[in-house]
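Given next are the chains, with one letter for each unit.
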Amino acid sequence: MIRKVRKAAVIGSGIMGGGIAALLAGAGADVLLLDIVPFDLTDEEKNDKAARNKIVQAGFDGALAAKPGLFYDKKDAARISIGNLEDDIDKLADCDWIVEVVVENLKIKQDLFAKIEKVRKPGSIVSSNTSGIPLKDISANFSKEFKEHFMGTHFFNPVRYMHLLELIPGAETLPEILDFIAAYGEKNLGKGIVWAKDTPNFVGNRIGIQGIGASVNAMLEDGLTIPEVDALFGPALGRPKTAVFKTTDLVGLDTMYHVSKNSYELCQDDEKRDTMKLPDFINQMVEKNMLGNKTQGGFYKTELTPEWKKIRKVLNPATMEYEDLTRPSFPCLDAAKKEATLAGKIKCVLQGDDKGAKFAWKMSVNAFQYAANRIPEIADTVIEIDNSMKWGYNFEMGPFETWDAYGVKDAAQRMEEEGYEVPVNVKAMLDAGNESFYKLENGVKYYYDFAASEYKKVPVSKTMVSLAAAKGNNKTVLSNSSATLVDIGDDVFCLEFHTKMNALNNEIVDMLAQANEYVDQNGVGMVIGNEAGGMPGAFSAGADLSFVMGKIKEGKFSDLEAFLAGAHETMQKNRYSSFPVVAAPYGMALGGGCETCLAADRIVAHTELIMGLVEIGVGLLPAGGGCLNLWRKYVKALPGKTSKDMALAKLFIPVFMNISMASISMSAAQAAGKGFLGQNDRIVMNRDNLIGEAKKEVLKMVDDGYVPPAKEKLIVMGNTGQGMVAAQLFNMLNGGYMSEYDGFLAKRIAYVISGGEVKTGTMVDEETILKLEREAFVDFCKEEKTQARINHMLKTGKPLRN
Amino acid sequence: MRDAYIVQSLRTPGCKQKRGFFKETRPEELASFIMKTVVDKTKNMKAEYISDIMMGCSFPEAEQGINIGRLAGQMAGFPESVSGATVNRFCASGLEAIALAASRVMLGWSEVTMGGGVESMTFVPMGGNNPSPHPEFSATNPENYISMGITAENVANRYNVSREDQDKFAAESQRKAAAARDGGLFTEIVPTPAYRYVQQEDGTYKKEQFIVEHDDGIRESTPEALGKLRTVFAAQGSVTAGNSSQTTDGAAASIIASKEACDKYGLEPIARLVTYTTIGCRSDEMGVGPKYAIPAALKQAGLNVEDIDIYEINEAFASQALYCLRETGVDKYMERVNIHGGAIALGHPLGCTGAKLTATCLANLKEVNGKYGIVSMCMGGGMGAAAIFERL
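Here the structure is a predicted model, which is why all the values come from computation and not from measurement.

> Can you lay out the nonpolar core for me, pointing to particular residues and giving the numbers?
Grouped together as the largest cluster of nonpolar side chains are 376 residues, with contacts concentrated most on Val349(A), Val527(A), Leu621(A) and Ile34(B). Broken down by element, the residue count for this core peaks at 10 residues, all from helix H15 (residues 355-373) of chain A. Non-local contacts of Ile34(B), meaning those with residues more than four positions away in its chain, are made with Leu10(B), Arg11(B), Thr12(B), Gly116(B), Val190(B), Ala251(B), Ala252(B) and Ala253(B).

The following block contains the structure:
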């Protein structure tokens, strides 16, 4: 039998259940979403299906309305059917996988599973999303067959965005079941798998909640403020911007409180059990319903003045009053800003000697000790713990990676000097002469396995390609300070950007030209992709504006023209080359980043994709082939000669709107809806596999007998399109929906996309449109208001609408 | 010159664009039905008497193309000898068609003609399916292609028509329309067959017919409730969906005959077309058109504002309707204006509107036992039109 998830059931329609249902629907499964019948129905309502489904309907509607969106594409909602646990429970008999996400109450869960056991088909998988209740208690009364098909699948909130999926085997779960869910979770649901043991709060929350508890307690002891702790445990230490307290506001204090309480009650032997006892001010906050963002106030609060001005406030735990928020600073943080790498920043902060640095060190020691002492209690390897913190808490580095960054030996020495205990397993590792938890040798990443007292290969899936590993294995073939061409095996090469936000500059364009020649001689195809971190991260956030501004300031407009002409030539050369080029965007693919993808032969995109041609925000237009290629993508999407008989306005208007309104997608599915992705482009759920999948696509295209596109003329909208736009812009300007300058830019953009001064339906050379792109770009650069927009973006990171 | 007599004037209900009862009924079906019906409902009338049909339509393309004036006549089962034309003067198309049909009679070139109008804004949207302004002219003179909503904002701004006044006017239009519907006063409406495509049990679809008896856009409201609506054409404006006309599907037709034809066939005249005029104005405030057209028509007819018993002024927008009423002094006789509501409640099916308002005007003249009635409206591009009818 081949296992599949044709139909899945999610029981419990709260925010987690709704999120899991949306994710499963996005992965193509039919989903049955069930919840209880309301207790308080009148006699009349008891026969009314809608009334009986009230709770599940509300949950489903909530999932649809959630912001940020839980669905990649709202159309996926059609795959979900809803029902209640009394009338529809028999439908569970059709389900291949049943996920329980009901309230955290053992009795309720046991009763529910007893019902499920009666109707589920033999062989079907049943899992619980419990975050705290031991699975062995839930499954105590199951039959043997049921136990063999039962496990824990612990998703994180919001389900769509959090990469972590903790899998918890039961004592009797069949290996076949575990393997299947791990593979499905990774490939179809796009999750990062962490194997956890059946211990309270599993891995991520066990470690995470202890870290929060320890920080809150230590903050009071050491006399720090909430914003001070958040400033220290932010990006400088590889933590998310929301740090400790803003993250808790986001998640909800009640959730944090319950998880913490659960740890405290169930982990009787935990050596740091006291840190999980939260100080009294937190109890007061929960009692007073100061639960964070969902109650409009937690540790932080935003107040509005009568003039609708926002004032940020923060809680003073001593007085329980909100006070005006001022940004704290520490010398160690200022020094860290100058460091280029995260490892450098971490060292800088932890080795500082100000009050903040000392606190950060103390908390890091706590984290090091706690993580190391949890192996093998909650997980077998350092990988599981590091991954759970990266994927479930958005840390850039887990505790062991952070320790590696500091230097394991140095940190251990300092700990001993200062009277902190070094965990036994780490001490043993150091004593045996092993000085890091991870190491890279010949392109293979190893981790130190405490149980075996030796390094072992970090397991990777077959489709995964790691650029870092390849580069570590002398597979770099060309490189400059902005881009690198890496041999990723099977005669496929990957062009990697590695600038800040992967912004495009002249070095990248140079590298693209060199890569083209190299791959033409030595390879079968090219992937354009990178593995920069962050959530959502940036494939490329656009062109390097400081380069453009520099040329403007020097008045070297002909340089700009020449730069663009070179970029266009390279782009066209790649497009019409003998080999396929596949772009692998994820996260932000904006402006030039989007253009890079549009110019490729094919796109293999991660499902989280913020894609758009946003140049108008800085007073420019897509001049890296974006105008040409988006239009071409629309026209070529039509079969045969259809475009010749078509009212081109139906294509022209959406292309023009995408560019002139700087329209962006919030998922790959939306990017397809806006025409950035076409019929041949693919969506990959798991970002870790993205470059590997893009490579597979290259190899498939080669295997199919790659036929480079023939150079053809392109039908254009001509000046009829310009007429349409002129009339419409007049209305928008009059309505005050657009600034005068946006109108000016939009008019010229319409001129470029429509092919310039030609009759509608004319076939023009691609180079004609490229020439118009360049001219418009340079003309825009000469405009004062464009210069103001660029300067504003460079200074503030936000667009100026002048 | 001879007199031209209206012997019949009727309309279909007006139904909301894309959401109303006519959303699956093609414009030819509406037009041919009303053409056939005006003939059938007129004592002693036969289609073969008609020499020509003038059919108003604002966007005569696609479903409304291929000369719907002729085509709908043939669909109505009229003899081949009955010719037909499509007339476009935007929102006055239906009135223009009646005036042209009447002129033929007045000149002695025809004895019996038909004038009417049709618009399915569902099938052919305002602006047409493929609006293609001239590239250079639209760059230098974009106001010639201006959105109607912006012109309404311009009128409100330039001539100080407040949001409150617009919303009061709109609520009043809805109130009057609801009262007229409930009181059975829309005697000019003919229950009209509409179609819908209904999924059958086996999954296939069948076209089914049903009858529509009333305008479906009437929605009573208060100025306060309307005051909460957001503006749609300008961020800081005053024109909303609530104080603008509704986009609507509908058709209307009138039969026009000479005195000789009436005598010969035994047709009974109900009214006489006294005069008709059109006049241009600034396109970016096209709504002011009636301000010029109404006095011009009155002057041509030698009549004064107070002589008119029924005013049917198209409510393209409350702002322009109010402004024109104030400027012409008609606001002194509000009890004679749009007595059963106007386009804000009943809809504005562009090219049908002139023909529809003629039917309404004649029915209302009869109801109040009045003598003279005016039909007037503004037009995109900057024009006003007005016709005066005398009830017999």
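Next, the rest of the story.
> If you had to explain the pairing of strand S11 (residues 372-379) of chain B to someone new, which residues and values would you point to?
All names here are of chain B. Among the 8 residues of S11, 8 are classified as buried, and the element is accordingly described as predominantly covered. On S11, burial covers both faces: Tyr372, Ile374, Ser376 and Cys378 on one face and Gly373, Val375, Met377 and Met379 on the other are all buried. As paired elements, strand S10 (residues 308-313) and S11 share 5 bridges and run parallel to each other. Paired with Tyr311 across the two strands is Ile374, which belongs to S11. In this sheet, strand S12 (residues 383-391) lies alongside S11 in antiparallel orientation, the contact comprising 8 bridges. Of the residues in S12, the one forming a bridge with Val375 is Ala387. The loop that links S11 with its antiparallel partner S12 comprises 3 residues; one of these, Gly381, has a positive phi angle of about 95°.

> Account for the sheet that holds strand S16 (residues 483-487) of chain A, with residues named and values stated.
Residue and element names in this part refer to chain A. Here we have 7 strands laid out as an open sheet, ordered S15-S16-S17-S18-S20-S22-S24, and mixed in their pairing. Each edge of the open sheet is held by one strand with a lone partner, namely strand S15 (476-479) and strand S24 (682-684). The average undirected angle you get between the axes of adjacent strands in this sheet is 20°. When strand S18 (residues 525-528) meets strand S20 (residues 581-583), the two strands line up parallel, connected through 3 bridges. Directly across from Ile528, in S20, lies its bridge partner Ala583.

> How would you summarise the pairing of strand S4 (residues 97-100) of chain A if you had to cite specific residues and measurements?
Both faces of the sheet carry side chains from a regular strand, because those side chains alternate between them. Residue and element names in this part refer to chain A. Where burial is concerned, the two faces of S4 agree: the one with Trp97 and Val99 and the one with Ile98 and Glu100 are both buried. Pairing analysis gives 4 bridges linking strand S1 (residues 7-11) to S4, with the strands arranged parallel. Counterpart to Ala8 in the pairing with S4 is Trp97. Relative to strand S5 (residues 125-128), S4 is paired through 4 bridges, and the arrangement is parallel. Counted as the bridge partner of Ile98 is Val126 from S5. Each parallel crossover has a hand, and the one from S4 via helix H4 (residues 106-119) to S5 is right-handed.

Parameters and conventions
Residues numbered from 1 in each chain as written. Chains lettered and ligands numbered in written order. Predicted model: local features only at pLDDT ≥ 70, side-chain atom pairs only at ≥ 80, totals over all residues. Core = buried A, V, L, I, M, F, W, Y, C linked by C-beta atoms within 7 Å. Buried ≥ 20, exposed ≤ 12 C-beta atoms within 10 Å, placed from the backbone. Helix = DSSP H or I, 4+ residues; strand = E, 2+ residues; numbered from the N terminus. Contact = placed C-beta atoms within 7 Å. Pairing = 2+ DSSP bridges. Axes fitted to C-alpha atoms, helices over the stretch in contact; angles between N-to-C directions. Right-handed = clockwise from strand over helix to strand, strands pointing away.

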